[in-house]
Amino acid sequence: MAENLTVKTERVDDIPVLLAQAERMGLPELVDKHFAPHGNWKGTSVGWTICIWLAHILSEGDHRLNQVEGWVTQRLETLSMITGQSVRSLEWSDDRLAIVLDALSDDKRWSAFEMDLSQRLIRVYALQPRLIRLDSTTASGHWTVTEDGLFQFGHSKDHRPDLPQVKVMVAALDPLGAPLAVQVLSGERADDPLYVPAIQQVSRSLQEHGLLYVGDCKMAALDTRAFVQSQGDFYLCPLSKTQMPDEELEKLLQPVWDQKQAVSDIYRDNEDGQREKIAEGYEVTVSLTGTVDGRTVEWGERRLVVRSLTQAQATEAALRTRLDKALTELAALNERKRGKKRFTDEAEVQQAADAVLRQRRVSGLVKVELEEQVHERTVRAYKGRPAEVRVERDWQVKAQVDEQAVTAAVRWFGWRVYATNATAEALALDKAVLAYREEYVIERGFGRLKGKPLSLTPMYVQTDDRAKGLIRLLSLGLRLLTLFEFTVRRELAEQGEKLAGLYAGNPKRSTSRPTAEALLHAFDNITLSVVNLGEQVHRHVTPLSALQTKILTLLGFSSTIYDRLCAQAPNTS
């Protein structure tokens, strides 16, 4: 009897949660609807293939195609039970996964799929689109650059101008940061022309207007603002030096400096629930005219002249640090010691002093005086040479901070002008400042996309189509993460509760804003044991903890997503 006993154990962890979330999003159904496989495709459907692959990526932080087959092979029972599919090892080769990426690279099918997905997510999760954030990022790698290829040299946001890159433009739904539109573009493209196509794609997906689009200064191109106005939407973005040169900004700030223009204080609640002043500002209205598809568009634009207190303080502190370093380095020019260069020419010492000021970026803020020094030095007699007194001349540098110039420079710090076509009733000054300050939401999504857990970079595919397909695949993973996190946070907020037990070493620490990564990590070390005793098969899943059960409840799931692993499994042979 003992000879017929076999025990197999599989790591389950967060797989049931991830696949349940994917199923709620409608990914298996929508993928199969829009990306029908060719006639030779057998076994696990394309929809479930993508969902399982995403579970692997989110669990392992690794998108490499050659890592999936081994991972699936170790979890055949688990994956088959959850998906209801006959999951087999031979279906997870690199070639098969490459077919999936090729399918996702089809622009026409992806556009239709993304539209359906956005509409479903808004309906299923009861989302209320009001504010859309737009931004772009780049992913660099060691690729071959071709004339019309996706990988090109351009302005690198990864600070790697030596590497070719691909550009990704994202329109994300606030406040959760879930992408509504993802565009994969060649890496040499400028950001400015990318905003209108992204906005158009969001409009097609949501089929509504009156939305507020928030972006950085690259969105402030007049053509972009005119387009948003023309279709009945609103924009909020800072103006760059191109749209707001220093001489124009000075005209707006001079009345404030002269105390002829009153400013309003802007507050927000900090993490301790205390109200703190974060900015101050005022607004003016200007009339603008633009052209959209040959039509003239006229509108009133509010210019929000805002000073960020934190930014002003940080910039001034950095300036003071640079000034201190500059004074120290200027004083060092006067040192007299062996091996130290002595300046005997006025032009030479002036050049050295100017170099210090330029390097520390404090030119015009430090008063520098050069003083000629005359020294007498006695040279001893040596081998018949008589002793003598020599007269030597060199130059000393005297420097001090020009406090008047520094004061004039400091008063510029922290000021920025934002533009919006929304009315003051719809978007008051303080609300506009707070809305823009939440721009980190989309930046956080880029961090997830390019780092852990989605790990876009480095990218282990080489062809354009597969790179595009991979980025789109990972964007689905980003949607899954953000919706997962948003659902838990929203439920905690509605219940007025906090979640404890997520922090190792501090089980009593609680939070009302847990991250998706921390929530998923809470499901580590759950296993499925399959015991075959003769013709009898027994399955056992690690019992869920109170924390795990609570998270499932917050997500709207029940423990059955784990309990069903103990049922009769489909054939995986």
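This is a predicted model, so every value here is computed, not measured.

**Student:** If you had to explain the overall build of the chain to someone new, which residues and values would you point to?
**Tutor:** Summing up its helical and strand segments, the chain has 19 helices and 16 strands in all. Taking 573 residues into account, the globule formula puts the C-alpha radius of gyration at 25 Å, and the chain, at 32 Å, lies well above it. Seen along its three principal axes, the alpha-carbon backbone of the chain occupies a region of about 115 × 80 × 55 Å. Here the chain, with 573 residues, has 49% of them falling under the buried criterion. Residue pairs at least 24 apart in sequence account for 68% of intrachain contacts in the chain once pairs closer than 6 positions are excluded. Total accessible area on the chain stands at roughly 28,000 Å², and carbon and sulfur atoms take up 48% of it. Taken together, the 73 basic and 79 acidic charged side chains of the chain have centroids lying 4 Å from each other.

**Student:** So what about the packing of aromatic side chains? Which residues, and what values?
**Tutor:** All chains considered together, the criterion is met by six aromatic pairs. Considering the side-chain rings of Phe-35 and Phe-113, the 5.5 Å spacing of their centres and the 65° angle between planes classify their relative orientation as edge-to-face. Taken together, the positions of Phe-35 in the loop between helix 2 (27-34) and helix 3 (46-60) and Phe-113 in helix 7 (residues 107-124) put the pair 78 residues apart, joining distant regions of the chain. Since its relative accessible area comes to 0%, Phe-113 is described here as buried. Taking the ring centre of Tyr-460 as reference, the NZ or CZ of Arg-64 above it sits at 5.5 Å. Above the face of the Trp-41 ring, Arg-96 is positioned so that its terminal group lies 3.7 Å from the ring centre.

**Student:** Before we move on, could you go through the side chain of Arg-75 and cite the residues and values that matter?
**Tutor:** Residue position: Arg-75 is located in the loop between helix 4 (68-73) and helix 5 (76-83). Salt bridges are absent for the buried Arg-75, whose nearest opposite-charge side chain, Glu-60, sits at 4.3 Å. Engagement of the side chain of Arg-75 in a polar contact is seen with the backbone oxygen of Trp-71, the distance being 3.1 Å.

**Student:** Before we move on, can you summarise the pattern of salt bridges with the specific residues and values?
**Tutor:** A complete count under the given rule lists 38 salt bridges for this structure. One salt bridge in this structure joins Glu-485 and Arg-489, with 3.7 Å as the shortest N-O distance. Of this pair, Glu-485 and Arg-489 both sit in helix 16 (residues 464-495), four residues apart, which is roughly one turn of the helix. The class for Arg-489 is buried, based on a relative accessible area of 16%. Via salt bridges that share partners, Arg-444, Arg-448, Glu-485, Arg-489 and Glu-517 belong to a single interconnected network.

**Student:** Explain the side chain of Ser-156 to me, and be specific about the residues and the numbers.
**Tutor:** Note that Ser-156 resides in the loop between strand 2 (131-140) and strand 3 (165-173). Of the polar contacts made by the side chain of Ser-156, one reaches the backbone nitrogen of Asp-158; its length is 3.1 Å. Engagement of the side chain of Ser-156 in a polar contact is seen with the backbone nitrogen of His-159, the distance being 3.2 Å. Beyond its immediate stretch of four places on either side in the chain, Ser-156 contacts Thr-138, Ser-140, Pro-161 and Gln-165.

**Student:** Got a sec to walk through the sheet that holds strand 3? Specific residues and values, please.
**Tutor:** In spatial order, the strands read 4-3-2-5-6-12-9-8-7; together these nine strands make up an open sheet with mixed pairing. Only two strands of the sheet have a single partner each, and these edge strands are strand 4 (178-186) and strand 7 (264-269). Neighbour-to-neighbour, the strand axes of the sheet open up by a mean angle of 25°, direction not taken into account. Here three bridges tie strand 2 to strand 5 (residues 212-214), and the two strands are oriented parallel to one another. Within strand 5, the position partnered with Leu-131 by the bridge is Leu-212. Each of strand 8 (275-292) and strand 9 (295-308) touches helix 11 (residues 309-332); the most contacted strand, strand 9, lies at about 60° to it. Contacting strand 3 and strand 4, helix 16 crosses the sheet at an angle of about 160° to strand 4.

Calculation criteria
Residues numbered from 1 in each chain as written. Predicted model: local features only at pLDDT ≥ 70, side-chain atom pairs only at ≥ 80, totals over all residues. Heavy atoms only, no water. Helix = DSSP H or I, 4+ residues; strand = E, 2+ residues; numbered from the N terminus. Rg over C-alpha atoms; globule rule 2.2 N^0.38 Å. Buried < 20%, exposed > 50% of the residue type's maximum accessible area, 1.4 Å probe, protein only. Contact = heavy atoms within 4.5 Å. Areas by Shrake-Rupley, 256 points an atom, 1.4 Å probe, with all protein chains shown as cover. Lys, Arg positive; Asp, Glu negative; His and termini not counted. Charge placed at Lys NZ, Arg CZ, Asp CG, Glu CD. Phe/Tyr/Trp six-rings, centres within 6.5 Å; stacked < 30°, edge-to-face > 60°. Lys NZ or Arg CZ within 6 Å of the ring centre and 35° of its normal. Salt bridge = Lys/Arg side-chain N within 4 Å of Asp/Glu carboxyl O. Polar contact = N/O pair within 3.5 Å; in protein donor to acceptor, adjacent residues only side chain to side chain. Pairing = 2+ DSSP bridges. Axes fitted to C-alpha atoms, helices over the stretch in contact; angles between N-to-C directions.

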